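Breakdown of the fold
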Amino acid sequence: MITFLLRKLGVLIPTFFGVTLVAFIFIRLLPGDPVLLMAGERGMSEERHTALMKEYGFDRPVWEQYLSYIGDLAQGDLGKSIITKKPVTKEFFTLFPATIELSLCAIIIAVFIGLPAGMIAATRRGSVFDHTVMAGALTGYSMPIFWWGLLLIIFFSGILGWTPVSGRISLLYYFEPVTGFMLIDSLMSGQEGAFSSALSHLILPAIVLGTIPLAVIARQTRSAMLEVLGEDYVRTAKAKGLGPGRVIGLHALRNAMIPVITVIGLQVGVLFAGAILTETIFSWPGIGKWMVDSISRRDYPSVQGGLLLIAAVVMMVNLVVDLLYGLINPQIRHTE
Amino acid sequence: MPLLEIQNLSVSFLTAGGQFKAVDGVTLNVEPGDIVSIVGESGSGKSVAMLALMGLLPWTATVTADVLRFDGKDMLTMDKKTRRSIVGSEMTMIFQEPMTSLNPCFTVGFQLTESLKVHKNMDRRACNARALELLELVGIPEPQKRLSAFPHQLSGGMSQRVMIAMAISCNPRLLIADEPTTALDVTIQAQILDLLLKLQKEQDMSLILITHDMGVVAETAERVVVQYAGQQVEKQEVRGLFSNPHHPYTSALLASLPERSQARKLPSIPGVVPGQFDRPEGCLFSPRCSFATELCRTTPPKVASHEMGRALCHYPLAEGLPVGHPENREAAA
């Protein structure tokens, strides 16, 4: 188990360096520099521009900048935001809980609907339910997030007036963040109506963000289940006189979960990409929105740091998925 | 009262090309303590008939029968729940591929005790004790260690022993073994067969052995049913079947045994079992039968008398000669 972990970590380190390089170079490929953007519409004099460029170290060759960035990184320093002058790490971890809360709810919706839907579709292959689920999944998968988000806002917020349009909680409530998760904080604050306000703010973005993972999980579960249901050991389970709950929910599902877990792990990456759009549409103060803002302001340290931290989170999740495999499938555990 | 009573069992599958009859009018009685063997080539519907009895066929299958009774209980009309209380406890089955028949995600112990939990409501301690006893019974060394092993850590022979242990865990009255030794190597085959016979005697259960191996039949069975293209073509005591087969197909099967062959080249039956699209009109064996006449090719035969092994043939064999066959009559005259 330990060698297994070490080997996985060994792969992560070069990947990590790859990410630093890509993030560093791509943001510098964008036209415009942070100093010019800071000046705004009025612009600034040539001398002032040169002086500021020198101050931030942007006048040095790119490789030199990269090396000093890596040097800082090795000491755990991701730099300071050019705009807010706050450490990138601090900014990131202030906003991160909002994104986690949103992504977690999205993936919970996706798993708790997608998994049963895929299972039932597989066991009733060719039925109306099966066709409906598969058509729904295809639609969900093909729908652009921003358009789907706007549709939901128009319908539920605009026409029905059921949910708020943006933000994390109504302005009526204020309390100091404890966990950073609005649902938990609002419950702990003890203020009446705070929790339901937080929930009503969360529900639409979570549905929007969860739609694509939901579709993917439903389809993957269905196909994995169909394959497993034809296996000899499922016949053995039936031959034991076990009920459909045990045959499908235990014997078949345990095996079908192996490819499904992979897909769920991969969806975490998709979630972060989706969070950028979803957070922008719903003005959700998470890292997705923060990244978009940082890119448009050419806030180099924030973009580099943010990308790196997001990549780290995605890699960690994939590592956990790899470990989960072993728990579900003993064959993998023993050959490692 | 027979333990198992099957009359005119038919199974057809819904395929892209229409309905395909895989089992056609199978009739079988099994008394308590009987060992019955069902023999036939691949595609003769041996397994399908037994899977139908167990209720293990996919939804594309339609099962019909005049009588389908186990221990006096009508399996045709009983609800699924009652059927499940019999299947896996009183009537169990083991399969051809032991390596894929065990679930790779669960330990041997878990799979072995599952039936006990479900059917007998045994607690964990009792289950564990019974599991050890069962593993010892089927001859698995170090049973305590094996309980926590996963199927991929077992060999084919070991897996089949575990399957057998699972099948006999609730003291069944009928064990159906569907080609239990086909996927195993020869030395293991004999061990598994011996084990099945030993258990059959000790547990006093009936055994239905599905096989395509006449050698296995000769060693194990008391009664034999020969099946061809979904139909039963002959039923006999094992001794009679080997000394005096009544159906030309049985005779041809026996002639193709290497032990019985005197020629340099192994004799074989030309052609293959008819499939969905090349089913002959009359006798299904007529295209491959050396005695076939115009009558055979046009009219389906009737079942012969008990003395003639209930052979499904126009000219059943007696001591190797077709009775009532036109050429034979000429020869006799």
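Going by an unreviewed UniProt entry, chain B carries the name Dipeptide transport system ATP-binding protein and comes from Desulfopila aestuarii DSM 18488. Its UniProt record gives chain B the following Sequence similarities (unreviewed entry) comment, quoted word for word: "Belongs to the ABC transporter superfamily." A UniProt comment under Subcellular location (unreviewed entry) is attached to chain B, and it reads "Cell inner membrane".

As annotated in an unreviewed UniProt entry, chain A is Dipeptide transport system permease protein from Desulfopila aestuarii DSM 18488. The annotation that UniProt attaches to chain A under Sequence similarities (unreviewed entry) is "Belongs to the binding-protein-dependent transport system permease family." The UniProt entry for chain A carries the following text under Subcellular location (unreviewed entry): "Cell membrane".

Right, let's get into the packing of aromatic side chains. Within this structure, the stated rule accounts for 14 aromatic pairs over all chains. When the centroid spacing of 5.1 Å and the interplanar angle of 85 degrees are considered together, the rings of F155 of chain A and F156 of chain A count as edge-to-face. One aromatic cluster is present, built from ring pairs that chain together F92, F93, F96, F272 and W290 of chain A. For R28 of chain A, the ring lying beneath its charged end belongs to F24 of chain A, and the centroid distance is 3.8 Å. Residue placement shows R235 of chain A over the ring face of F95 of chain B; its charged tip is 3.9 Å from the ring centre.

Turning our attention to the domain arrangement of chain A. Residue and element names in this part refer to chain A. Per the domain assignment, the segments of chain A are domain 1 (34-77) and domain 2 (88-335). Computed from C-alpha atoms alone, the centre-to-centre distance between domain 1 and domain 2 is 38 Å. Summed over both sides, the interface of domain 1 with domain 2 buries roughly 510 Å², with 71% coming from carbon and sulfur. Three residues, P34, L37 and Y69, lead the burial of domain 1 against domain 2; their summed loss comes to 72% of the area buried on that side. Between the two partners, domain 1 and domain 2, sit zero salt bridges. On inspection of domain 1 and its partner domain 2, the count reaches zero residue pairs in polar contact (both at pLDDT 80 or more). Every element with two or more residues in the side of domain 1 that touches domain 2 is listed here: helix 2 (34-39) and helix 4 (62-74). Classifying every residue of the side of domain 1 that touches domain 2 by side-chain character gives five nonpolar, no polar and no charged.

By rolling a water-sized probe across the atoms, one finds the places where empty space is left. Following the criterion strictly, the structure yields three cavities of 30 Å³ or more and no others. Here the largest cavity is characterised by a volume of approximately 80 Å³. As for the largest cavity, its lining consists of T236, A239 and K240 of chain A together with G88, T92, M93, F95, S115, M163, M166 and A167 of chain B. At three residues, helix 7 (residues 156-168) of chain B tops the list of elements feeding residues into the lining of the largest cavity. Its residues assigned to classes, the lining of the largest cavity comprises six nonpolar, four polar and one charged. Approximately 70 Å³ is the volume attributed to the second largest cavity. Forming the boundary of the second largest cavity are H247, P248, C283, F285, S286, C289, F291, A292, C296, C313 and Y315 of chain B. In terms of residue class, the lining of the second largest cavity is built from nine nonpolar, two polar and no charged.

Quick look at the UniProt feature "domain: ABC transmembrane type-1" (unreviewed entry) in chain A now. In the numbering used here, UniProt assigns the feature "domain: ABC transmembrane type-1" (unreviewed entry) to residues 96-325 of chain A. Along residues 96-325 of chain A the backbone is 80% helical and 0% strand, and the end-to-end C-alpha distance reaches 27 Å.

Before going further, it helps to examine the sheet that holds strand 8 (residues 174-178) of chain B. Residue and element names in this part refer to chain B. Strand order in this open sheet of six strands is 7-8-9-3-10-11, and the pairing throughout is mixed. Each edge of the open sheet carries a strand with a single partner, namely strand 7 (91-94) and strand 11 (231-237). On average, each strand axis in the sheet is tilted by 15 degrees relative to the strand beside it, whichever way the strands run. Strand direction decides the pairing type here: strand 8 and strand 9 (residues 206-211), joined by five bridges, are parallel. Across the sheet, the residue bridging to L174 is S206, located in strand 9. Relative to the sheet, helix 7 contacts strand 7 and strand 8, its axis offset from that of strand 7 by approximately 175 degrees. Helix-sheet contacts for helix 8 (residues 186-203) involve strand 3 (35-39), strand 7, strand 8 and strand 9, and the interaxial angle to strand 9 is about 160 degrees.

Turning to the UniProt feature "domain: ABC transporter" (unreviewed entry) in chain B, a few remarks are in order. As recorded in UniProt, the feature "domain: ABC transporter" (unreviewed entry) lies at residues 4-254 of chain B. Summarising residues 4-254 of chain B: 41% helix, 27% strand, and an end-to-end C-alpha distance of 28 Å.

Another point: the interface of chain B and chain A. Tallying the contact residues gives 26 residues for chain B and 22 residues for chain A. Taking both partners together, chain B and chain A bury about 2200 Å²; carbon and sulfur atoms supply 60% of that area. If you look at where chain B meets chain A, you find two salt bridges. Contributions of two or more residues to the side of chain B that touches chain A are made by helix 1 (46-54), helix 3 (98-101), helix 4 (108-120) and helix 7 of chain B. Of all the elements, helix 4 of chain B adds the most residues to the side of chain B that touches chain A, at six residues. Taken together, the residues of the side of chain B that touches chain A break down into 14 nonpolar, nine polar and three charged.

Criteria and cut-off values
- Residues numbered from 1 in each chain as written.
- Chains lettered and ligands numbered in written order.
- Predicted model: local features only at pLDDT ≥ 70, side-chain atom pairs only at ≥ 80, totals over all residues.
- Heavy atoms only, no water.
- UniProt positions renumbered as here; feature names shortened; annotations may be inferred.
- Phe/Tyr/Trp six-rings, centres within 6.5 Å; stacked < 30°, edge-to-face > 60°.
- Lys NZ or Arg CZ within 6 Å of the ring centre and 35° of its normal.
- Domains from an automatic or database assignment.
- Buried area = accessible area lost by both parts, 1.4 Å probe.
- Salt bridge = Lys/Arg side-chain N within 4 Å of Asp/Glu carboxyl O.
- Polar contact = N/O pair within 3.5 Å; in protein donor to acceptor, adjacent residues only side chain to side chain.
- Helix = DSSP H or I, 4+ residues; strand = E, 2+ residues; numbered from the N terminus.
- Nonpolar A, V, L, I, M, F, W, Y, C, P; charged D, E, K, R; others polar.
- 1 Å grid on protein atoms, 1.4 Å probe; cavity = no way out; pocket = protein on both sides within 12 Å on 5 of 7 lines; lining within 4 Å.
- Points joined across faces, edges and corners; volume = space filled by probe spheres on them.
- Pairing = 2+ DSSP bridges.
- Axes fitted to C-alpha atoms, helices over the stretch in contact; angles between N-to-C directions.
- Contact = heavy atoms within 4.5 Å.

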